[in-house]
Each structure stands twice: as structure tokens, then as C-alpha cells.
Amino acid sequence: MSKDKPEIISDIYSYLKFYNDYKNYPVYANEVKQTDTSFDFQENIAGKPDSIIAGEKQVYEKPVYEMKKANEDIVVEKPVSIYSPREDFSHCDSLDKFYEEIKDCRKCSHLAETRNNLVFGYGNPAAEIVVVGEAPGAEEDKQGKPFVGRAGKLLTDILKAIEFDREDVFICNILKCRPPENRNPLPGEIMNCEPYLFKQLELIKPKMILALGTFAGQTLLKSKEPLGKLRGSFHEYNGIKLLVTYHPAALLRNPNWKKPTWEDVKLFRKEFDSMKK
Ligand code: URA
């Protein structure tokens, strides 16, 4: 056995462990094509009859590693970077310093290669509210800012509807780099990137977190529950109140989800107000 084999085997072992933890990660399937391109958030949800929450189909990620045995050797066909639990950001005591630390990240080298910008997050570094999405899209990747495309415009309207200005909150994503073709984040990518979000939350210390969509909710809550079960009531992330609701991009695809989203964000605002009393 060559010298580096034990390292490969330990990488595979770590991967298999993480794959076991993440294998039931639900992702959106059967994408519904967007038809309406302009609407007012409040008007639409107010005007809708009771909506039906469409079920989410569960699909499963394929392992990132594919292994085969050849001449007694284990061959790793698709090497991916492995999240190092030794990552230590304790020297970063501000978001600016932390940005400098991670801005050239290449842990997911395939995403680093295709990105134009790492989208760190944007907003008030002392925000009381942090909004967490999934991953940057094309426009976000181009501008280096989160939620600046169509879903971003809707997010701004949702925040406005509950009297939050997007400049006052902090907005970021689970993944800091755009997955090609806006595909769903892979478990290995989430595993690589989630320590960055956790550090951001540690630095900002918000009073409340609004998690948008399945990936944000499940990653922050370390849960495998589908969005339909996670939304509608408060959870806790490290002592911080957290509410999960639909992702604005999902609302663009399926307007039936606007009404439950409106219920969620009203609840979010009410809780925020009661915490301030
Ligand atoms: N969708 C997201 O989840 N994040 C963005 O920044 C943009 C679209």
C-alpha cells in the first residue's frame, strides 16, 4: 500500500459517516414552472382562498464518492474535499475579518471554479434578524450579493410586508457559492459550507432567524423533517428563535404557498414584537 492510502481510507470513512447522516435529505423535485412574473405579495395572499400545501416529493442524493475495488486497491473516482473538523475561526471577531478568511475558499473546488463571486451575505452586522436562504443564483453570483434576483425582490416585499427593511436585517445562504444551473446543494457542499453560516450567526448574535426553504431549515435544525412539518411554529437554534417558511423561489413556482408563508411571517413579526416588550 502506498503511503497516502490510509488517508484516502479515512476520507472515505468520514464521507460514509456524513452520507449516512445526510442521505435522507429531501430536495425539491417536480419543479413547477413559473408563470406569473409580477405580483404584490400581500395582495395575492390576501386574495387567495385557503391554499393546499402541495406535498414535497423526496429524492435522494447519490453518494459523492463512488468506490470500486481494483486489484485489491480502493479507488476514489471522484475526489471531493472533506470538511475538516479542525477548522478554527476563533481569531475572527468580526464579519469583515471572517469574510477575509473565507473569501478564497476552495473546499468545493468545482464550485470555486465556476463562481464569479463568493456570496458571503449582506446587511447589518448587528442585525436582530438573520434571513437564511439556500444558495446564490446567477444574479447573486454576478453581483456578489444574496437575494438580488427575482426571488430576492419577492423576499424584499415579504420583509416589507412585515415591516422589516432589508438593510436592517442580515441576509445570507447555506452555500456561499452558486451551484451550476442552480441545482440543489449537495450534501458534501452543505457540509463544507455550513461552518461559515454557523460562524456568521455566532458573530451576529441575532434575536431571531428566518430560514427560507427546506435546505436552510434542515441544515440549521439538523433535521430531516420535510418543510411542511418544520414550518408553522418556532424552533431554536443555539437559543435563538428560528422559524422556517417557504423559499421565495418556491412561491414563484407555486403561488398556493403564499398564504401559509404569510401566516408564518406574521407569526415571526408577532414574536419579534413580543420579544421587544
Ligand atoms: N435563492 C437563495 O436561496 N439565495 C439567494 O441568494 C438567491 C436565491
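Above this text is the structure in question.
The structure contained in this document is the topic of the report that follows. What you are looking at is a predicted structure, and each value in this text was computed from that prediction instead of being measured. (Residues numbered from 1 in each chain as written. Predicted model: local features only at pLDDT ≥ 70, side-chain atom pairs only at ≥ 80, totals over all residues.)

## Things to note about the overall build of the chain
(1) Moving on: Regarding its fold elements, the chain presents 11 helices and eight strands.
(2) Moving on: Looking at the chain as a whole, 36% of its 277 residues are labelled buried.
(3) Moving on: Within the chain, residue pairs in contact and separated by at least 24 positions form 74% of the contacts whose partners lie at least 6 positions apart. (Helix = DSSP H or I, 4+ residues; strand = E, 2+ residues; numbered from the N terminus. Buried ≥ 20, exposed ≤ 12 C-beta atoms within 10 Å, placed from the backbone. Contact = placed C-beta atoms within 7 Å.)

## Concerning the sheet that holds strand β5 (residues 170-173)
(1) Moving on: Pairing in this open sheet of six strands is mixed, and the strands run β3-β5-β4-β6-β8-β7 from one edge to the other. Every interior strand has two partners, whereas the edge strands, β3 (122-123) and β7 (235-237), have only one.
(2) Moving on: One ladder, built from four bridges, connects strand β4 (residues 129-133) with β5; its direction is parallel. Bridge pairing in β5 links Gly 133 to Asn 173. (Pairing = 2+ DSSP bridges.)

## Some thoughts on the environment of Leu 210
(1) Moving on: Position of Leu 210 relative to the elements: it lies in strand β6 (residues 208-212).
(2) Moving on: Sequence separation of Leu 210 and Asp 264 is 54 residues, and the distance between their C-alpha atoms is 9.7 Å.
(3) Moving on: Excluding residues within four positions of it along the chain, Leu 210 makes contact with Ile 129, Val 131, Leu 243, Thr 245 and Phe 268.

## Examining the site of the ligand
(1) Moving on: Around the ligand, the structure places 13 residues, and the nearest of them are Gly 133, Glu 134, Glu 140, Pro 146 and Phe 147.
(2) Moving on: Of the residues assigned to the shell around the ligand, the class counts are six nonpolar, five polar and two charged. (Near = placed C-beta within 6 Å. Nonpolar A, V, L, I, M, F, W, Y, C, P; charged D, E, K, R; others polar.)

## Considering the pairing of β5
(1) Moving on: Neither face of β5 is exposed, since Phe 170 and Cys 172 on one face and Ile 171 and Asn 173 on the opposite face are all buried.
(2) Moving on: In this sheet, β5 lies alongside β3 in antiparallel orientation, the contact comprising two bridges. When the sheet's bridge partners are listed, Tyr 122 is paired in β5 with Ile 171.

## Considering the nonpolar core
(1) Moving on: Within the largest apolar cluster, 54 residues are counted, with the highest numbers of intra-cluster contacts made by Val 130, Val 132, Ile 174, Leu 210 and Ala 211.
(2) Moving on: Here the element with the most residues in this core is helix α7 (residues 187-204); it accounts for seven residues. (Core = buried A, V, L, I, M, F, W, Y, C linked by C-beta atoms within 7 Å.)

## Topic: the environment of Ala 151
(1) Moving on: Residue position: Ala 151 is located in helix α6 (residues 150-161).
(2) Moving on: With 14 residues separating them in the primary sequence, Ala 151 and Gly 137 have C-alpha atoms 9.4 Å apart.
(3) Moving on: Residue contacts for Ala 151: discarding those within four places in its chain leaves Pro 248, Ala 249 and Leu 252.

## Re the packing of helix α3 (residues 95-102) against α7
Helix-helix packing: each pair is described by the crossing angle between the helix axes and the interaxial distance.
(1) Moving on: Where α3 meets α7, the closest approach of the two axes is 10 Å, and the angle between their N-to-C directions is 165°. One way to sum up the angle between α3 and α7 is to call them roughly antiparallel. Crossing of α3 over α7 shows right-handed handedness. Only Tyr 196, Lys 199, Gln 200 and Leu 203 of α7 make contact with α3, whose side of the interface consists of Leu 95, Phe 98 and Ile 102.
(2) Moving on: Considering only residue class, the contact of α3 with α7 consists of five nonpolar, one polar and one charged. (Axes fitted to C-alpha atoms, helices over the stretch in contact; angles between N-to-C directions. Parallel < 35°, antiparallel > 145°, perpendicular 65-115°, else oblique. Left-handed = near helix turned anticlockwise from the far one by under 90°.)

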